[in-house]
Structures are given as C-alpha cells and as structure tokens.
Amino acid sequence: MSIYRNLVILDGLLWRTRSAVLLLACVGIGSFAASETFAFVSNGRWAFTAGGGATGLVGAPTTLTWSLVPDGTVIPGSGTSDLLAFLDANFDGDGGDIQSKSWFADLIKPTFDRWTEISGMTFRYEENDDGATFGNFNGQVGVRGDVRVGGVFLDGPGGTDAQAGFIPNADITIDTGDPSFFSDPANDFRNLRNTLMHEIGHSLGLAHLDSTADFLLEPTYNSSIDGVQLDDIRGVQQLYGDRYERDEIGPRPNNSLDSATFLGQLSVGESLSVGMDAGASTIVTAEQSDFVSVANLNDVDYYTFDVETVGKIDVLLTPTGPNYFEKPSGPGAFSLTRSSQLSDLQFELYGPQVGGGTGLLTTADAASIGLPESLFDFPLTLPGEYSVKVLGSTNIVQLYQLSVSLSELDADFDSDGDTDGGDFLFWQRGLDVLFAEKDLEVWQTAYGAAPVSSAVITVPEPLAVDLAAFMLLGLGILRKAQS
Ligand SMILES: [Zn+2]
C-alpha cells in the first residue's frame, strides 16, 4: 500500500482542529465546524502569490506559479533533489529544453493544468528556478514558482509516494526511490499523475479526508480513480471559485454584468447550459470539466446570452451533487454530506428595457434548498443581451447546473393558457412590449375566425403607424393614453 504524506502535520486530531479554525476564520460563519457536513477539508488558501499578488476573499480566483527545481537543490532533512534525472531516466528525456521533453508536456504540466481546468485557480509554469533551499523561500516571478517540485529518496518502494508542505511552504517532493511505481505506464501513467495531482491539492490548501466514496484527497493511493473527483472539485471551488471566475488571462470574477460569462447566442428551439458535468455521482472522468458553483455569500455568477429573435424563455437552475459519507482523515465518525443541499440557490433574469439599458425582469427564489428554481415560458420581448444572475444563501460551496432555452412565441402572451382578447390587451398595453409585427400576426392567426370585439380591434395599431408613434409607445406615452 502506498500513501501520500503531508510534511507538516500528520496527526489527524490536530489536523482537524486546525482546519476547522482556519475555515471559520476564512469563511466567516460560526456554526458549521461541529458537523463537518460540507465534506472536503481545508487548512486555508493562498493569501499572496508571486503570480497574482494579494488573492482577496475566500472563493476568489487567483494565479499560482509552479516550477521544477534543478537537481542538487537542497531538500532539508532528505538530501538534494534528483527529480530531473529521475524523470529523464524513467520517461522520455529527449530534447534539451525541459518544456520540450515529453514527460513535461504529456505528464507533469497537464497535471497542474487539470486543477486550473476545474477551478478559478490559474496555474502558470515558471520556467526559472534558482535552486534555493526547498520549502524556505517564497515564489518570485522570474526566479522560482510559488509551488516547487523536487524529488529525493524518501523511503523507496511502497510507503510514502510523495509529500507536500502546507501553504505557503507548499513545495512537493516525489519519492525518486520508487521508480517502478512511477514509471508504471498503466492508464497513461496514472500512478505519477494521480500522485502529483494529489500533492498539488495539498499545495492549494486541501487536506486529507476519509470517505466511503473515492476521492483524490484521501491519504491512500487509489488507482481506480483518474485525478480529481467530485469532492476534490468542491474543495478547490470553495477556496478559489469555479473556472468562469477567470478568463484565459487570469482572474476575472463573473460577479457583475460587465464581466459576465458569455454563453452564446440563444436561438428559438435551442438551449444553452453550464455546469452539466456535475450530477449525482461522486465519480469524475478526466474528460469532464464543466463544473460551476456559487462559492459563498461573496460570490454571484452572471451569465449572458444574445437573443436575436424574441421568444419565450425557460430557465432551470438545479443545485447538484451526490450524497456521501466523509470525515477529516483519522479517527472519528463519518458524517453524511448532501452536496446538493448546502446553499439555497436563486436566480435573477436581466434583459433590455424599453427605454434603453438593462434591467431586472424577474426573480426565481421560491424553491427550498436542494430543489431546482425554474422559470417557464417567460416572454422575452426585445432582442438583445440577456443575463442570469445566480446567488447562494450560505458560505458553503454549491455546485449547480444552469440551462436556458428559447421557444417560439405563441399567442398566449399573458400565459393564462388560452388565446383571446386578453392576450391582445396584454400586447396592446405594452405590458409585454411586443413590437415585432409577426408577434401580432401570431395572435391574429391563433385567434382565427373567432369573433373579435371591434372596440379592441379598432384601436390605433402601433404596427401600422410610423416609427415615431412606435417609439412613443415604447416610451409608455401611447400606452398610458390607451389604458
Ligand atoms: Zn496527501
């Protein structure tokens, strides 16, 4: 059996105390330390990084750099690093420059990139490392990474595969005394990838937990999983937010309309969605990366989409996540985590206003915690950019799925289940502000041969008048006169 080891604290009880205190300090709420029902265990997050400076509040995205120490770098208590020679000897070491070696491009770098892919953390490779004594120096741009990786003989085959210190001394040591374990090519060198990915989890602030499911941050190596699993993703998103809290450049929280995540163009008959890889399973495959969450009360998520042809929109916001048993690694009883019921989500829909600008159209917050919020057949009456804002109710991360879909406008403008004069009045009063000519045609067609009150049909038809009158209606002037 192989285990992963933390450098600094090995005692489970001490570990648990430390994590509870720090989480309270960071997250700022006073009651969840006792029950531990939020799963993943954290001992805090990076407050300052070479790559990103001050990192802000818990849940905010940030940038971390990582580097490979040159062979000969002192690893206190263990010797000097021989990682580069180890990697060259056990994997393809062709090519002069480190970044052109296949073990770098195909194994080491993708392992860091995987954490970037599923969180608001942006990992950047720092190609320089000055060989300063391991664990003792902070990252510095152009000098060394925030997280440095080295290797040394720890205990040979079996036992400890690797170890990592805690933030800010979060350097990672690979046991280069166990080449047969790391060079095992099974499942695309899963032994090496899972081990390094686990240690990176520590370097980000995640600690060991025990679970009845299979998670990467469990202390014992598990070859049945491929990288981060659902609880690991929840943990890193609690600390650094989800992938849409940054763009390709780096941190860019989608906490406002101006920095909303663009989902695309929403056409009639089509849907847009986000967060769809999070479901009721604890298992995550290496191909899955679509996980989004509200991290805490400081976090809201804005998504925008373009609507060129008006229609009726459905919005569905579903809190997601499986149930599983977990505890901080060590003694103690398991607790049940219901990971879809940790924050009561709600959403707001924004869109273009008649007089110009963007405004709140409606809110959905009726469903209780753990249940989807929904909006059905809500008419979008003007083409333009629409937005959904997602909010949570607690300081615990909540994964969710969000989908929006657009259907053709029918003539039931007032959504009362039928097509009658009431729909025309609805349209006419501008409550729905349907300007497009075809919308009235929709009603006329649907209303068919049924008698139409002349009082209704003979009012000035905005579509027949010129643009000026059209705009007057838009400004609410004609509307007022007619009602
Ligand atoms: Zn570990």
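Throughout what follows, the structure given in this document is the object of discussion. Remember, it's a predicted structure, so these values are computed and weren't measured experimentally.

**Considering the sheet that holds strand β14 (residues 261-265)**
- The strand order across the open sheet formed by five strands is β14-β17-β24-β21-β22, and the pairing between neighbours is mixed. The outermost strands of the open sheet, each flanked by one partner alone, are β14 and β22 (358-364). The mean inter-strand angle of the sheet, taken between neighbouring strand axes irrespective of direction, is 25 degrees.
- Relative to β22, strand β21 (residues 346-352) runs antiparallel, the two sharing six bridges. Following the sheet pairing, Gly351 is matched in β22 by Gly359.

**Concerning the packing of aromatic side chains**
- The tally for this structure, following the rule as stated, stands at 13 aromatic pairs.
- An angle of 20 degrees between the planes, with centres 5.8 Å apart, marks the rings of Trp66 and Phe104 as stacked. Placement of Trp66 in strand β5 (residues 62-68) and of Phe104 in helix α3 (residues 102-117) is noted, with a sequence separation of 38 residues between them.
- The exposure class assigned to Trp66 is buried, which follows from its relative accessible area of 1%.
- Measuring from ring centre to ring centre gives 4.7 Å for Phe104 and Tyr125, while their planes differ by 65 degrees; the resulting arrangement is edge-to-face. Within this pair, whereas Phe104 is found in helix α3, its partner Tyr125 is found in strand β8 (residues 121-125), the two being separated by 21 residues in sequence.
- Taking the relative accessible area as the measure of exposure, Phe104 reaches 2% and is therefore buried.
- The rings of Trp66, Phe104, Phe112, Phe123 and Tyr125 are connected pair by pair, giving a single aromatic cluster.
- Sitting above the plane of the Phe334 ring, Lys327 keeps its charged end 5.1 Å from the centroid.

Parameters at a glance
- Residues numbered from 1 in each chain as written.
- Predicted model: local features only at pLDDT ≥ 70, side-chain atom pairs only at ≥ 80, totals over all residues.
- Heavy atoms only, no water.
- Pairing = 2+ DSSP bridges.
- Helix = DSSP H or I, 4+ residues; strand = E, 2+ residues; numbered from the N terminus.
- Axes fitted to C-alpha atoms, helices over the stretch in contact; angles between N-to-C directions.
- Phe/Tyr/Trp six-rings, centres within 6.5 Å; stacked < 30°, edge-to-face > 60°.
- Buried < 20%, exposed > 50% of the residue type's maximum accessible area, 1.4 Å probe, protein only.
- Lys NZ or Arg CZ within 6 Å of the ring centre and 35° of its normal.

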